[in-house]
Amino acid sequence: MSTAEAVIGAGYGDEGKGLLTDALAARAIAAGETVVVLRCNGGAQAGHTVVTPEGLRHVFSHFGAGTLAGAASWLGPDFVANPALFVPELAALRRLGAAPRLLADPRAAVTTPCDMLVNQALEQARGAARHGSVGVGFGETIERGLFPEFRLSIGDLAEGRDGLRARLETIRRDWMPRRLAALGLAPDATLMALLQDDALIEAFCDDALAMLGALTLCPAAALPSGTRIFEGAQGLLLDAERGAFPHVTRSRTGLAGLLPVLRAAGITRLRVTYATRAYVTRHGAGPLAHALDGPPAPGVVDRTNRPHPFQGSLRFAPLDLDILRDAIRADLGDAPDWLTVEPGLAVTCLDQMDATIGVFVGGSESRLVREALPPAVAAHCGLKLRAVASGERRSRVQFHAAAALAA
């Protein structure tokens, strides 16, 4: 029976998926395993933070969060790569002394500058009714990819500069007017000047070809053996089909997003760790139950989620255990008969909280002693407690019994 690990966010993202992925990868590598971290949903809008034991810090967007521990990364067919963001991320990792190894399914989509410009213009036009986009063109890339004549994938980059120029020109000439009209968006002079700037196309070609040169094409069926860790992006409450539309991401954020790769790779057993902070965060517009005016405790620090021109500032709320339980239950309901799922829970950021922590159950708030929170949350969700994190480094992740996946 082929097996794998998965880390899935159970909230609105920012639950500590990067930390947990790094810790799992480091454990497996220390045991002599070869590790590949699989990115199967989301794209460059992810911000998974890892701090090494030596204090090196990186916010991952393309590469798996196990990279600094020595793991390889793989971008799946539903991942959305952004060359303009990939190139500086690769350079940043190399400055940290890393030698990233990257594989990618040739079907993975590629974001163009046009997608980013439309995304940003649209969010600005929405004003107070913004959806919460990061502004890096993720949703626009998926929308364009629905039309075969405008689709661009990592495999297409092998056509070289002339082929890329032709594809970008088609997108700019034929797709952009069509998309802007569908959105009812009248571009201003600045946007039109950028769209007509040939230097933008040349810069994209430079970045896209650099990205292609830094990876190896690899379909799911050819994934290397060893320990495989699926690193989810966003969280269950932002799922395209279960989140509060329109404040959702355009991807399946739980098991449903992993199933095509699991089947193609012949993986029939999956150990899933659902991650939550000891409180709830949301970066961007949309509903947030029991929203607070500020952080839930003076010790709450988030160096990654700074105020953002499109998403605004990070928002906070206490955990609602019923919402958490129901989201996880719904996700587990997506598991097919051919897949054996072993679910567990991880609670992160426990060190940031006061001696007692407020939670909601049945619509009423109560307070739990800090150390009692993780087992209480796991019990309410009907899950085994798999890990507790009391800091931002892997050494601060405490794994509970049977936390490592048996081969």
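The structure contained in this document is the topic of the report that follows. (Residues numbered from 1 in each chain as written. Predicted model: local features only at pLDDT ≥ 70, side-chain atom pairs only at ≥ 80, totals over all residues. Heavy atoms only, no water.)

### Comments concerning the side chain of Asp-331
Here Asp-331 shows up in helix α9 (residues 321–332). Arg-242 provides the closest opposite charge to the buried, unpaired Asp-331, separated from it by 4.5 Å. Aside from chain neighbours lying at most four places away, what touches Asp-331 is Ile-8, Leu-236, Arg-242, Gly-254, Leu-255, Ala-256 and Tyr-274. (Helix = DSSP H or I, 4+ residues; strand = E, 2+ residues; numbered from the N terminus. Buried < 20%, exposed > 50% of the residue type's maximum accessible area, 1.4 Å probe, protein only. Lys, Arg positive; Asp, Glu negative; His and termini not counted. Salt bridge = Lys/Arg side-chain N within 4 Å of Asp/Glu carboxyl O. Contact = heavy atoms within 4.5 Å.)

### Considering the pattern of salt bridges
A full pass over the atoms with the stated rule returns 25 salt bridges. A salt bridge links Asp-115 to Arg-144; the nearest nitrogen and oxygen atoms lie 2.7 Å apart. Linking Asp-115 in helix α3 (residues 113–126) with Arg-144 in helix α4 (residues 138–145), this pair joins segments that are 29 residues apart in sequence. On the basis of relative accessibility, which here comes to 1%, the residue Arg-144 falls in the buried class. Measuring nitrogen to oxygen at the nearest pair gives 2.9 Å for the salt bridge that ties Arg-165 to Asp-162. Highlighted residues: Arg-165 and Asp-162, both in helix α5 (residues 160–183), separated by three residues, approximately one helical turn. Since its relative accessible area comes to 59%, Asp-162 is described here as exposed.

### Digging into the nonpolar core
In terms of nonpolar packing, the biggest core is built from 57 residues, with Trp-74, Phe-230, Leu-258, Leu-270, Tyr-274 and Ile-328 touching the most fellow members. With five residues, helix α8 (residues 255–264) is the largest single contributor of residues to this core. Excluding anything up to four places from it in sequence, Tyr-274 contacts Ile-8, Ala-10, Leu-236, Leu-255, Ile-328, Asp-331, Leu-332, Pro-343, Gly-344, Leu-345, Ala-346 and Leu-383. Counting residues in hydrophobic clusters, the runner-up holds 27 residues, among them Phe-60, Leu-90, Ala-98 and Ile-154. (Core = buried A, V, L, I, M, F, W, Y, C linked by side-chain atoms within 4.5 Å.)

### Considerations on the state of the cysteines
Simply put, the disulfide is a covalent bond whose two ends are the sulfur atoms of two cysteines. Applying the stated criterion across every chain, the model contains zero disulfides. Free cysteine: Cys-114, not disulfide-bonded; nearest cysteine sulfur from Cys-205 at 11 Å. (Disulfide = S-S within 2.5 Å.)

### Looking at the packing of aromatic side chains
Tallied over the entire structure, the rule returns four aromatic pairs. Ring geometry for Tyr-279 versus Phe-316: centroids 6.2 Å apart, planes at 45°, classification tilted. Within this pair, whereas Tyr-279 is found in the loop between β11 (269–277) and β12 (280–283), its partner Phe-316 is found in strand β13 (residues 314–317), the two being separated by 37 residues in sequence. The aromatic ring of Phe-399 is capped on one face by Arg-27, whose charged end is 4.2 Å from the ring centroid. Seen from the ring of Phe-147, Arg-178 lies directly overhead, with NZ or CZ sitting 4.5 Å from the centre. (Phe/Tyr/Trp six-rings, centres within 6.5 Å; stacked < 30°, edge-to-face > 60°. Lys NZ or Arg CZ within 6 Å of the ring centre and 35° of its normal.)

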